[in-house]
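# Residue-level structure breakdown
For reference, the chains in residue letters:
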Amino acid sequence: MAVTFRKLHPHFGAEAAPIDLRRVHDPETLAAIRAGMDDHALLVFRDQRFSDEEHLDFARRLDGELHTKTGISALKKSRFGNEALADVSNLTDGGQIQPADDRRRMYGLGNRLWHTDASFQDPPGRYSMLFARVIPPVGADTEYADMRAAYDALSPELKVRLEGLRVHHSIAHSREILGFAFSQKEQEILKGAVHPLIRSLPRSGRKSLYIAAHASRIIDWPLPEGRLLLLELIEHATRPEFVYRHQWRVGDLVIYDNRATMHRARPFEDTKYPRELRRVTTLDIQASAATHQA
Ligand code: OGA
Ligand code: MN
């Protein structure tokens, strides 16, 4: 099956020509999608019709092992009975819109901070596949930023200074910024992970800034100095020139490379309109092995 891509932004992101991913099993097409991810870091596939099982199966076919230790799983069991399928919705277990003070809603509001998925785990997340089932009429977009282009735009002096630095990522940190409180037990589960600040992407040979709201400190640096550097890097990396805004349509599957992009949800009247997406994220086993060898 041939698959072709049309660019969506000068730096990254492309839309695939019509293709039904449920029927993509042949190694050539899967390899072409992976090569598309190496080039574009984000791919949009329109008009998909995945069941949950088909969504999970496609993610495994494309990129292997699935991430199941989501942040929310430390708080509450998934309503789908499968932690690999992240519930990115504003619905209760009964399918109603969450009230404003719902704990899951308040936790989910953290998606409005710039982040990458599963950077607070080891192995971290590699590809996320976010599938739109219900989209409100009011525009509830997701913004993505290209961390390869952001890295390339740093001064040569700063690139040298950042090389080799390690960063602690914790989802408790990004939620605590918003005043969300965790129990002792939740904090133990969510203790976080350490990853390099600069990632080398094996197949494209490019480098990227691996930062997120989850990034709590630079290992070996005084706390305020590290936090300031991380805030400055996030500010730099999310300048408008690096950002693509995705306006969702029902049936969209957006695949993004968490090693090479950050993203954030944009606000909408979420106590009024239902919005329902589901996400499957794969694990970057290779990166974890490299960190532990270093
Ligand atoms: C996610 C996420 C953003 C959105 O699913 O990981 O951050 O707009 N979603 O729902
Ligand atoms: Mn996310």
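Structure first, text after, so check above.
The structure contained in this document is the topic of the report that follows. (Residues numbered from 1 in each chain as written. Chains lettered and ligands numbered in written order. Predicted model: local features only at pLDDT ≥ 70, side-chain atom pairs only at ≥ 80, totals over all residues. Heavy atoms only, no water.)

## What to know about the sheet that holds strand E6 (residues 142–146)
What counts, and what does not: Two strands qualify as a pair provided DSSP detects at least 2 bridges between them. Helix numbers and strand numbers start at the N terminus; a helix is a DSSP run of H or I with at least 4 residues, a strand a run of E with at least 2. Orientation is described by lines fitted to C-alpha atoms, with helices fitted over the stretch in contact, and by angles between N-to-C directions that extend from 0 to 180 degrees.
Read across the sheet, three strands follow the order E12-E6-E14 without closing on themselves; strand pairing throughout is antiparallel. Single-partner strands in this sheet number two, and they are strand E12 (243–246) and strand E14 (261–265). For this sheet, the mean angle separating the axes of adjacent strands, direction not counted, is 20°. Bridging between E6 and E14 involves five bridges; their strand directions are antiparallel. The residue of E14 that forms the bridge with Thr 142 is Ala 265.

## Section: unusual backbone geometry
Which entries qualify depends on this criterion: Classification of residues uses two cut-offs on accessible area relative to the type maximum, computed with a 1.4 Å probe and protein chains only: under 20% is buried, over 50% is exposed, and between them is partly exposed.
Of note, the bond from Asp 122 into Pro 123 is cis; its omega dihedral lies within 30 degrees of zero at 0°. Inspection of the secondary structure assignment puts Pro 123 in the loop between helix H3 (103–108) and strand E5 (125–134). Of note in this structure, Ala 41 is not a glycine but carries a positive phi near 70°. For Ala 41, the position within the fold is in the loop between helix H1 (27–40) and strand E3 (42–45). For Ala 41, a relative accessible area of 1% translates into the label buried.

## Considering the coordination of the manganese ion (ligand 2)
Rule in force here: Only nitrogen, oxygen and sulfur atoms within 2.8 Å of the metal, or 3.2 Å for Na, K and Ca, are treated as donors, and water is left out, so sites may look incomplete.
Every protein donor of the manganese ion (ligand 2) is listed here as His 115 (NE2), Asp 117 (OD) and His 263 (NE2), and their distances to the metal cover 2.1 to 2.2 Å. Sequence positions of the residues that donate to the manganese ion (ligand 2) give the spacing H-x1-D-x145-H. Of this pair, Asp 117 sits in the loop between H3 and E5 while His 263 sits in strand E14, placing them 146 residues apart in sequence. In terms of burial, Asp 117 and His 263 fall into one category: buried.

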